[in-house]
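Breakdown of the fold
What follows is each chain in one-letter form.
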Amino acid sequence: MAMQRLAGDFELERLPWGVRPPHNSKYLMSNARLDKILANAWPWKLLATRGRILVPADGWYEWKPLEYGPKPTKQPYYIHAADNAPLFFAGLSNWRPDAEKDETQGFAIVTNDAAGGMIDVHDRRPVALPADLAIHWMDLEFPTTHAVQLLEHGLPETAFTWHPVRQEVENSKYQLPAAIEPVPPMPQA
């Protein structure tokens, strides 16, 4: 799901995750790195001007590599707000109302370097905006330069907590409530 503000109203739409740039049938971008956005790199410069969206979420998964015998494996972690509040990931999209919902109309989540203890799980993370800043991110009348600066004020790592979860979450079809329940971590070699 993604939210965009159009003509003063909010639109909620289910979009494909990943943006395929026009004239590039091979490259699907699912994450938009903050450093590339700040450097005005294409296509993020264009999308930050007119394609700012929010992706609401309860949390996300990351996989920590483990050195585990002859075949390396990964421990999945569920990361969420420490206060269990909903998260608002900053995103960029080509989405337009009434357009066909394909990969050219998909979205990418803005990511930044992880810090603090979160870096032990993964080196990057989504930029989750506090609600008071998220509303400005979606406002297309809010100047682009100011909106991009909001991305540097996402929730800090201290706002999140994480725990290991079951291996079944690697399959996107696994949608049971147990997908976010804590499990003992896999043993390290």
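As the structure is a prediction and not an experimental result, all values here were calculated from the model. (Residues numbered from 1 in each chain as written. Predicted model: local features only at pLDDT ≥ 70, side-chain atom pairs only at ≥ 80, totals over all residues. Heavy atoms only, no water.)

**Details of the overall build of the chain**
- The helix and strand tally for the chain stands at 4 helices and 10 strands.
- From first element to last, N terminus to C terminus, the chain shows the α and β order β-β-β-α-α-β-β-β-β-β-β-α-α-β.
- Here the C-alpha atoms of the chain give a radius of gyration of 17 Å, agreeing with the 16 Å that 2.2 N^0.38 yields for 189 residues.
- Buried positions account for 40% of the 189 residues belonging to the chain.
- Counted over contacts in the chain with a minimum sequence separation of 6, partners at least 24 positions apart contribute 64%. (Helix = DSSP H or I, 4+ residues; strand = E, 2+ residues; numbered from the N terminus. Rg over C-alpha atoms; globule rule 2.2 N^0.38 Å. Buried < 20%, exposed > 50% of the residue type's maximum accessible area, 1.4 Å probe, protein only. Contact = heavy atoms within 4.5 Å.)

**Description of the packing of aromatic side chains**
- A complete count under the given rule lists 4 aromatic pairs for this structure.
- With a centroid separation of 5.7 Å and an interplanar angle of 80°, the aromatic rings of W60 and F89 are classed as edge-to-face. One end of the pair, W60, is in strand β5 (residues 59–66); the other, F89, is in strand β7 (residues 87–93), with 29 residues separating them in the sequence. The two residues W60 and F89 agree in class, both being buried. (Phe/Tyr/Trp six-rings, centres within 6.5 Å; stacked < 30°, edge-to-face > 60°.)

**Structural notes on the nonpolar core**
- Among the nonpolar cores identified, the biggest contains 23 residues, and I37, W44, L92, V110, W137 and L151 are the most heavily contacted of them.
- Mapped by element, the contributors of at least two residues to this core are α1 (34–38), α2 (44–50), β7, β8 (107–113), α3 (131–138) and α4 (144–150).
- Considering every element that reaches this core, the biggest residue donor is α3, with 4 residues.
- When sequence neighbours within four positions are dropped, the list of residues in contact with W44 reads M29, N31, A32, K36, I37, L92 and A108.
- Grouped together as the second largest cluster of nonpolar side chains are 18 residues, A57, Y77, W95 and A114 included. (Core = buried A, V, L, I, M, F, W, Y, C linked by side-chain atoms within 4.5 Å.)

**A word on the pairing of strand β6 (residues 73–81)**
- Within β6, 7 of the 9 residues are buried, leaving the element largely enclosed by the surrounding structure.
- Where β5 lies against β6, 8 bridges are found, and the strand directions are antiparallel. Across the sheet, residue W63 finds its bridge partner in β6, namely P76.
- By the bridge criterion, 5 bridges tie β6 to strand β10 (residues 160–164) in an arrangement that is antiparallel. Within β10, the position partnered with Y78 by the bridge is H163. (Pairing = 2+ DSSP bridges.)

**As for the side chain of R125**
- Note that R125 resides in strand β9 (residues 124–126).
- Taking relative accessible area as the criterion, R125 reaches 8% and is therefore assigned buried.
- Among the polar contacts listed, one links the side chain of R125 to the backbone oxygen of L155, at a separation of 2.8 Å.
- In terms of polar contacts, R125 uses its side chain to reach the side chain of E157, at 2.6 Å.
- Beyond its immediate sequence surroundings of up to four residues, R125 is in contact with W60, V110, T111, N112, D113, A114, M118, L155, P156, E157 and F160. (Polar contact = N/O pair within 3.5 Å; in protein donor to acceptor, adjacent residues only side chain to side chain.)

**Let's talk about the pattern of salt bridges**
- Inspection of every chain in the model, using the stated rule, returns 3 salt bridges.
- Two residues, R33 and D35, come together in a salt bridge whose shortest N-O distance is 3.1 Å.
- Residue E157 is joined to R125 by a salt bridge in which the shortest nitrogen-to-oxygen separation is 2.6 Å. In this pair, E157 is assigned in the loop between α4 and β10 and R125 in strand β9, connecting sequence segments 32 residues apart. Taken individually, E157 and R125 each receive the classification buried, so the pair is uniform in this respect. (Salt bridge = Lys/Arg side-chain N within 4 Å of Asp/Glu carboxyl O.)

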